[in-house]
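Results of the structural survey
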Amino acid sequence: MLLKMGLVANKRAVVAVLAVLGALSMVSQVYAQGANVIIETGTAKITSHDLEAEMAKAPPELRASLLQRPDALAQLASNLLMRRVLAQEAEKAGLHTRGANQAALQIARDRVLSDLQLLQLDERNRPNSMVLDQRARDVYRAEGEKRFAIPDEVRASHILIAKGDGAEQKAKALLQDLKNGKDFEALAKEHSADPGSAAKGGDLGSFSRGRMVKPFEDAAFALQPGQLSEVVESQFGYHIIKVTERKPGGVKPYEEVRDTLYEEVTQRILQEGRVKAGQQIMTKAKPNPEALDAFIASQKKN
């Protein structure tokens, strides 16, 4: 797929890519020793090492999917073989010796090797369990109340009377029936205009603030378990609300969010290490603004 896209998109880019692959072909042949050959022609072969290197660029979930699809892996190997043969042809044609192609080859080599060096740097900077736990606890103490807050919740039931002639009076009459001892669930099943909750005796389940329309929410959160609201009007009609349970909010315990914090802290430490390494390199860099200006001017002329 990548090969087809490159051929259509930009012939010049393809020449550079082929030059890169051609120059790397000798390395791949050495690397192939001891690996199983997946597919080959008279001049080139793709091994299990090649497949492994190509799959390493994909997300873990895609790699797992590919392993369940031998046909997709076979196609991937075929694509790699076509690239390798074309790279060999490009090398025979001397494409890798041309100026722009040499630069593309160097950039590709830099990218591969620098990525490997960064992975090695990550391993050196990876925190041990003691440091990781301490940093994770520091983050939890500093940010836990806001990030891992558990909001107050109530569990409530309601009877909804849709708006219309006599709707408010009907709701008030039902409220009086409830105060006189009639069963809430039975009245909800018989009279509520909310079909989703009526079948369950009016039960709406648990919810936190922001989930219901404001008049309903304000009334529900003002009640204690077992209490009934007065008739509450909203855009949906007239509600009689009964709270059956209250769940006070709080903060998720550290143990519940530890794995999330471990991953976050690890990535933060590794990124700090990469930034530091980059800064150390750039302290020795010597920019040439005049050369950059000349390059921009030359590109504008093209």
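Data block above holds the structure.
Residues numbered from 1 in each chain as written. Predicted model: local features only at pLDDT ≥ 70, side-chain atom pairs only at ≥ 80, totals over all residues. Heavy atoms only, no water.

Looking at the overall build of the protein
Scanning the protein from N- to C-terminus turns up 13 helices and eight strands. Across the 302 residues in the protein, those meeting the buried criterion constitute 30%. Taking contacts inside the protein between residues at least 6 apart in sequence as the whole, the part at least 24 apart equals 66%. Of the roughly 19800 Å² of accessible surface on the protein, a fraction of 55% belongs to carbon and sulfur atoms. (Helix = DSSP H or I, 4+ residues; strand = E, 2+ residues; numbered from the N terminus. Buried < 20%, exposed > 50% of the residue type's maximum accessible area, 1.4 Å probe, protein only. Contact = heavy atoms within 4.5 Å. Areas by Shrake-Rupley, 256 points an atom, 1.4 Å probe, with all protein chains shown as cover.)

Looking at the sheet that holds strand β7 (residues 237–247)
Pairing is antiparallel across the open sheet formed by four strands, whose spatial order is β5-β4-β7-β6. Looking along the sheet, the strands with just one partner apiece sit at the ends: β5 (203–208) and β6 (232–234). Within this sheet the neighbouring strands show an average axis-to-axis angle of 45 degrees, counted without direction. Pairing between β6 and β7: three bridges, direction antiparallel. If you follow Glu-233 over to β7, its bridge partner there is Tyr-238. Strands in contact with helix α9 (residues 184–191) are β4 (153–161) and β7; relative to β4, the strand with the most contacts, it is inclined by about 50 degrees. (Pairing = 2+ DSSP bridges. Axes fitted to C-alpha atoms, helices over the stretch in contact; angles between N-to-C directions.)

Some thoughts on the environment of Glu-54
Turning to its location among the elements, Glu-54 is positioned in helix α3 (residues 48–55). Between the alpha carbons of Glu-54 and Leu-80 there is a distance of 8.7 Å; along the sequence they are 26 residues apart. Leave out the neighbours within four places in its chain, and Glu-54 touches Leu-76 and Leu-80. Among the polar contacts made by the side chain of Glu-54, one reaches the side chain of Lys-57 at a distance of 3.0 Å. (Polar contact = N/O pair within 3.5 Å; in protein donor to acceptor, adjacent residues only side chain to side chain.)

Concerning the side chain of Asp-194
Along the polypeptide, Asp-194 turns up in the loop between α9 and α10 (195–198). Buried within the structure, Asp-194 lacks any salt-bridge partner; its nearest side chain of opposite charge belongs to Lys-200, at an N-O separation of 8.2 Å. Of the polar contacts made by the side chain of Asp-194, one reaches the side chain of Ser-197; its length is 2.9 Å. In this structure Asp-194 touches His-158, Leu-160 and Leu-204, once residues within four positions along its chain are discounted. (Lys, Arg positive; Asp, Glu negative; His and termini not counted. Salt bridge = Lys/Arg side-chain N within 4 Å of Asp/Glu carboxyl O.)

Structural notes on a nonpolar patch on the surface
Side chains of Val-112, Leu-113, Leu-116 and Leu-119 sit close together on the surface and give an oily, nonpolar patch of about 370 Å² of accessible area. Looking at the element boundaries, Val-112 is found in helix α6 (residues 99–125). (Patch = residues over 30% accessible without salt bridge, like charges linked within 9 Å, V, L, I, M, F, W, Y side chains within 5 Å.)

Topic: the packing of helix α8 (residues 167–179) against α9
Put simply, α8 and α9 touch, their axes get as near as 10 Å, and they point 155 degrees apart. When the interaxial angle is binned, α8 and α9 end up roughly antiparallel. Like other packed secondary-structure pairs, α8 and α9 cross with a definite hand, here right-handed. Counting all contacts with α8, which are made through Lys-170, Leu-174, Asp-177 and Leu-178, the residues of α9 involved are Phe-184, Leu-187 and His-191. (Parallel < 35°, antiparallel > 145°, perpendicular 65-115°, else oblique. Left-handed = near helix turned anticlockwise from the far one by under 90°.)

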